Amino acid sequence: MGERETSVVHRLAEGIREMLCQQRVRQRLETPRGRWFQIVACLDALEDSELAIAAYFDADETDKGALYLATYGVFQAFIIQQDAAQVLAQCLGLKKVNRKKYRELGEIRFLRNRIAGHPTRTNAGYRNLEAILDEIGAEPEDVARIVALAEAYQPTLPEEFHAVCRLTLSVGQCDVLTSGHDQSDQYQTIDVRHLAERQQEAMTKMLTAIVERFKRRDAEHLAAFADVLFRDMLRDLDAALDATKCHQRTHNAPPDWGQLGSLAEKLANASSAMRDELDKRERRLDDIPLVNGALAEESRGIAQVLADGAKPLPEIFGYAFVEYAEWATVELRGLADELDKEYHADSELAPVDDELAETEWTEAARRREEAAREVLARISSVPDKPRAEPASTAERNEEDHVARFSSSRVRLMSQLRRILGDSFPDDLLFPECSRVVADIIRACRPWTLGGPFAYSPSAAPWAQLRDRLVTFSEKMAARGLASTIYSNALEAACEALQALADLTSDRRQGSQAAVVFGPYLRNRAAILEEEVGALEDRALSAEDGDHGANMPPAPGGDA
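Residues numbered from 1 in each chain as written. Predicted model: local features only at pLDDT ≥ 70, side-chain atom pairs only at ≥ 80, totals over all residues. Heavy atoms only, no water.

Undergrad: Looking at this structure, how should I read the overall build of the protein chain?
TA: When you go through the protein chain residue by residue, the secondary structure sums to 20 helices and three strands. Within the protein chain, residue pairs in contact and separated by at least 24 positions form 78% of the contacts whose partners lie at least 6 positions apart. (Helix = DSSP H or I, 4+ residues; strand = E, 2+ residues; numbered from the N terminus. Contact = heavy atoms within 4.5 Å.)

Undergrad: What am I meant to see in the packing of aromatic side chains here?
TA: Per the counting criterion, the structure on display carries seven aromatic pairs. Pairing Tyr68 with Tyr72 gives two aromatic rings, centres 5.9 Å apart and planes at 40°, and the pair type is tilted. Residue Tyr68 and its partner Tyr72 are located together in helix α4 (residues 64–91), separated by four residues, close to a single helical turn. A ring pair is formed by Phe517 and Tyr520, whose centres lie 6.2 Å apart and whose planes are at 85°; its orientation type is edge-to-face. Within this pair, Phe517 and its partner Tyr520 are both found in helix α19 (residues 507–543), separated by three residues, close to a single helical turn. Look at Phe517 and you get buried, because its relative accessible area is 0%. (Phe/Tyr/Trp six-rings, centres within 6.5 Å; stacked < 30°, edge-to-face > 60°. Buried < 20%, exposed > 50% of the residue type's maximum accessible area, 1.4 Å probe, protein only.)

Undergrad: Looking at this structure, I do not really get the pattern of salt bridges. What am I missing?
TA: Two side chains with opposite charge may pair up if their charged atoms get near one another. Following the criterion strictly, the structure yields 21 salt bridges and no others. Arg283 is the salt-bridge partner of Glu342, the closest N and O atoms lying 3.2 Å from each other. Separated by 59 residues along the polypeptide, Glu342 in helix α12 (residues 315–344) and Arg283 in the loop between α10 (257–280) and α11 (294–307) bring together distant segments of the chain. Note on accessibility: Glu342 and Arg283 belong to one class, buried. Ionic contacts of the salt-bridge type, sharing partners, join the residues Glu14, Arg17, Asp44 and Glu47 into one network. (Salt bridge = Lys/Arg side-chain N within 4 Å of Asp/Glu carboxyl O.)

Undergrad: I would appreciate a short explanation of unusual backbone geometry in the present structure.
TA: Of note in this structure, Glu282 is not a glycine but carries a positive phi near 60°. Mapped onto the secondary structure, Glu282 falls in the loop between α10 and α11.

Undergrad: Even after reading the chapter, I still don't get the packing of helix α16 (residues 430–444) against helix α17 (residues 462–478), so can you show me in this structure?
TA: When two helices pack together, their arrangement is captured by the angle between the axes and the distance separating the axes. Packing of α16 against α17 brings their axes to within 11 Å, and their N-to-C directions diverge by 160°. As summarised for this structure, α16 and α17 are arranged roughly antiparallel, according to the angle between their axes. Two packed elements cross with a definite hand, and for α16 against α17 that hand is left-handed. For the pair formed by α16 and α17, the contact residues are Glu432, Cys433, Arg435, Val436, Asp439, Ile440, Ala443 and Cys444 on the first element and Trp462, Leu465, Arg468, Leu469, Phe472 and Lys475 on the second. Partitioning the contact of α16 with α17 into residue classes produces nine nonpolar, no polar and five charged. (Axes fitted to C-alpha atoms, helices over the stretch in contact; angles between N-to-C directions. Parallel < 35°, antiparallel > 145°, perpendicular 65-115°, else oblique. Left-handed = near helix turned anticlockwise from the far one by under 90°. Nonpolar A, V, L, I, M, F, W, Y, C, P; charged D, E, K, R; others polar.)

Undergrad: Could you clarify how one ought to interpret the confidence of the model for the protein chain in this entry?
TA: When pLDDT is averaged across the protein chain, the result is 76; 69% of the residues are at 70 or more. Note that pLDDT drops below 50 for residues 450–457; the model gives that stretch 13 contacts with residues more than four away or on any other chain. (pLDDT = per-residue confidence, 0-100.)

Have a look at this one:
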């Protein structure tokens, strides 16, 4: 038979795996969680048993012990493969496989019981008779009728005993001697090669039927939600956000707190509506705060803070919340568009064929992983304080977020190296700015929406971060480095940090403010970092122009 990695059964199992790993399908099957792992176990068993069947035909005939092991093993592999397909169908919510359509598989199970299952005793009572009839595909009513007839005409079934003949045992064939208390001996020659071919033919039909039935059910699932768009659930939110931004542009007045509170409620309602619809579709996105309840909870908490007039809020809180709402709305739009595309644009499952082309979901996951590696590699190339390996998922997300928004550091450092070469100075202001920005991003943690907020009754770390920015701005002023973009970003960041420090005295306002100010501070910090690097880059280029002109060109650069 040779290696079976390219057999039809193996290709079908791989095709089913690819089909089920499509994001829309997998998320439905992952609830309950154990079901997905059972599906994976079934697919592994299908492929592994196919390899075991192939290995049987490469057994060493000169070693009788190994040949017995291979013979017992191949019959057990037949059963493992059959059971895996039947359990797979049940895990996919399909009806139990009708064994009457695959009687050859029942015959193989019968022979397995004689040779490798229970060779020393078969047909021991009517309970075994029921098991045999079930294995060959008899209907339940037929089983009951046959057992009743057996009991009427013969009180007990004759026991049988079986032995595999060692002298004639070979790869692909075995002779079985069957005997009993009240019958003569019978010899039967088993063509294992022919059984393997029949097994593969029947398994091919069974797996193909499973694929077609699952695709029909998936098409019915899609049809049930064809008229419901996730993007339509964001209409009220879009309108409220546009109205709020229009008010900011056309009215030179303090924020309309009532309008902002309504926007917060619309944001919470949109997130909850998407979550409810995903529940109807048997989708679970518990790892995405946008729809796992975290965004809705935070937004309703913000709405309560906005509605509470006991302690007035600074105006910058309103401006920061608008940016927060805009950021969350953009994220929800992207998620809604992705989900609508899955359900409406070429959403039918791809056919399972011999080529086993990678699914769009797998390719997208690989692209994200490669992009993450590239960013981390670039960041690690910049001299900085060594950082410990993140111990938790939240810390890993935090590190990735800091890396993503500090990528300008890598580019600007590279430019400085090309200009200064070996005389790269140690007193640059840009690394200090980059560290402050990274600490601001870590303190706000906008990427862990709904995550634990380390509340402290003191104003730290906001006051400390503000003081560090003020000290840094004094160093920039001493060197005469300034620009309008830099000044605006610095002033906005310091004002936001001061507001956070003032609001921290109130537990509820402090925790909600940390969430609201996340996107606002993140954007200002990124602008600040970029502009500081550009200012220092231009200053050093002017000071060391002669040195830079005499330097050899950078690798890969223009001569």
